[in-house]
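Structure at a glance
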Amino acid sequence: MRIATWNVNSVGARLPRLLEWLESSGPDVICLQELKCSAEAFPSAEVKALGYESLVNGDGRWNGVAVLSRVGLADTVIGLPEGPAYDGGQESRAAAATCGGVRVWSVYVPNGREVGHPHYDYKLQWLEALRRTARHEVSGDLPFAILGDYNIAPTDEDVYDRSVFEGSTHVTEPERAALKALRQEGLSDVMPRALKYDHPYTYWDYRQLCFPKNRGMRIDLVYGNAPFAAAVKDSYVDREARKGKGASDHAPVVVDLDI
DNA sequence: ATGCCTTCTTGAAGAAGA
């Protein structure tokens, strides 16, 4: 089974690239983030034509996550249980389903904006709610993984230049501690291969030639429980999907499972 | 070529992204 995760940065703007990638890469399941559309506006018919059912959590202008599957979509959950509110409401940042015997969560962790900003506190609270949810799902024999845009680089190796990020979100100790707490519930970081250069970055800013210069970050992660991790045959970042006109600023992370 | 930011909402310019 092939499972992928991809922050598409607007499924509307990315639809031609998404459909092309689904056809060429053939994931059985894909977790999408940053849809930037409502559930009603999601292109369900277009992905259905390629054989995928859709589970969509979307609220319009920002955020939005989905799980697409061609191996079944059962026991679905929309939203993070007991997740914190921001600015008076729940945002569309999580969705879960069981697909072909694998339990997956698609997550779009809040950005945080700046250290000390209310959104940063919200980010840490959101991660704590995710940890509590993971605790309920991680045990047992069912392969389980939380895939998505975590908006955190787990180590200094996961950014192209640590000094550039001094004092910024995505690299702070509280954020990394929240990731560690998540792992300690029984999850491990499924490290993908880089198809070029020495580190598997998943995001490159659109500006200042970041992609050609490989000034990237590894912030799209796959955290799997023991049965999931044991089934991993291969994993890589498809940087080809970051190339050219009309690309997302994130590349897909692909995981091949012996399931 | 990998190529100097892109998206959304809106109807000009601002906000968000990380």
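On a predicted model such as this, the values are computed, not experimentally measured, just so you know.

**Here we look at the UniProt feature "site: Interaction with DNA substrate" (unreviewed entry) in chain A**
Under the present numbering, the feature "site: Interaction with DNA substrate" (unreviewed entry) in UniProt falls on His-250. Its place among the elements puts His-250 in the loop between strand E13 (232–237) and strand E14 (253–257). Relative accessible area serves as the criterion here: at 3%, His-250 is assigned to the buried category. In terms of polar contacts, His-250 uses its side chain to reach the side chain of Asp-220, at 2.8 Å.

**Some remarks on the side chain of Thr-98**
Checked against the element boundaries, Thr-98 lands in strand E6 (residues 94–99). Side chain to side chain, Thr-98 and Arg-103 meet in a polar contact 3.0 Å long. Not counting residues up to four positions away in its chain, the partners in contact with Thr-98 are Gly-72, Leu-73, Ala-74, Asp-75 and Arg-103.

**Some details on the sheet that holds strand E3 (residues 53–57)**
Strand pairing in a sheet is mediated by backbone hydrogen bonds. Such pairs are either parallel or antiparallel. The strand order across the open sheet built from 6 strands is E3-E4-E2-E1-E14-E13, with neighbouring strands paired in mixed fashion. The open sheet has two edge strands, E3 and E13, and neither has a second partner. Geometrically, the sheet is characterised by an average inter-axis angle of 10° between neighbouring strands, direction not taken into account. Looking at chain direction, E13 and E14 are connected through 5 bridges and run antiparallel. Considered in E14, the bridge of Tyr-236 is made with Val-254. Sitting on the sheet, helix H1 (residues 11–25) is in contact with strand E1 (2–7), strand E2 (29–33), strand E4 (65–69) and E14, with an inclination near 160° to E1.

**Observations regarding the pattern of salt bridges**
Here the structure, examined in full by the defined rule, presents 18 salt bridges. For Arg-93, the salt bridge is made with Glu-91, and the minimal N-O distance between the two is 2.8 Å. As far as burial versus exposure is concerned, Arg-93 and Glu-91 are alike and both buried. For Arg-218, the salt bridge goes to Asp-189, with nearest N and O atoms at 2.8 Å. Here the residue Arg-218 occupies a position in the loop between strand E11 (216–217) and strand E12 (220–224), and Asp-189 occupies one in strand E9 (residues 188–189), the gap between them amounting to 29 residues. Classification of Arg-218 by relative accessible area gives buried; the value is 2%. One network of salt bridges, with partners in common, ties together Glu-128, Arg-131, Arg-132, Arg-135 and Glu-185.

**A closer look at the packing of aromatic side chains**
Across all of its chains, the model carries 5 aromatic pairs by this definition. The interplanar angle of 55° and the centroid separation of 5.5 Å between the aromatic rings of Trp-6 and Trp-21 together place this pair among those described as tilted. You can see Trp-6 sitting in strand E1 and its partner Trp-21 sitting in helix H1, a full 15 residues away along the chain. Accessibility expressed as a relative area gives 1% for Trp-6, which makes it buried. For the ring pair Trp-204 and Phe-211, a centre distance of 4.9 Å and an interplane angle of 80° mean the geometry is edge-to-face.

**Observations concerning the nonpolar core**
Grouped together as the largest cluster of nonpolar side chains are 28 residues, with contacts concentrated most on Ile-3, Val-67, Val-104, Val-222, Phe-228 and Leu-257. Within the residue set of this core, elements represented by two or more residues are E2, E4, E6, strand E7 (102–108), strand E8 (144–149), helix H5 (226–231) and E14. With near-sequence residues (within four places) excluded, Ile-3 lies in contact with Val-29, Val-102, Val-104, Leu-147, Phe-228, Val-253, Val-254, Val-255 and Leu-257. Core analysis: the second largest hydrophobic core is formed by 24 residues, Val-107, Val-138, Ile-152 and Tyr-223 among them.

**A short note on the protein's contact with DNA strand B**
Around DNA strand B, 28 residues are found, and the nearest of them are Arg-61, Asn-111, His-170, Lys-196 and Pro-212. Near the protein, meaning within 4 Å, the atoms of DNA strand B are sugar or phosphate in a fraction of 62%, with bases accounting for the rest. In this structure, Arg-61 approaches DNA strand B through a side-chain N or O atom, which is 2.2 Å from a base nitrogen. A distance of 2.8 Å is found between a phosphate oxygen of DNA strand B and a side-chain nitrogen or oxygen belonging to Arg-113.

Conventions we followed
Residues numbered from 1 in each chain as written. Chains lettered and ligands numbered in written order. Predicted model: local features only at pLDDT ≥ 70, side-chain atom pairs only at ≥ 80, totals over all residues. Heavy atoms only, no water. UniProt positions renumbered as here; feature names shortened; annotations may be inferred. Helix = DSSP H or I, 4+ residues; strand = E, 2+ residues; numbered from the N terminus. Buried < 20%, exposed > 50% of the residue type's maximum accessible area, 1.4 Å probe, protein only. Polar contact = N/O pair within 3.5 Å; in protein donor to acceptor, adjacent residues only side chain to side chain. Contact = heavy atoms within 4.5 Å. Pairing = 2+ DSSP bridges. Axes fitted to C-alpha atoms, helices over the stretch in contact; angles between N-to-C directions. Salt bridge = Lys/Arg side-chain N within 4 Å of Asp/Glu carboxyl O. Phe/Tyr/Trp six-rings, centres within 6.5 Å; stacked < 30°, edge-to-face > 60°. Core = buried A, V, L, I, M, F, W, Y, C linked by side-chain atoms within 4.5 Å. Near = heavy atom within 4 Å.

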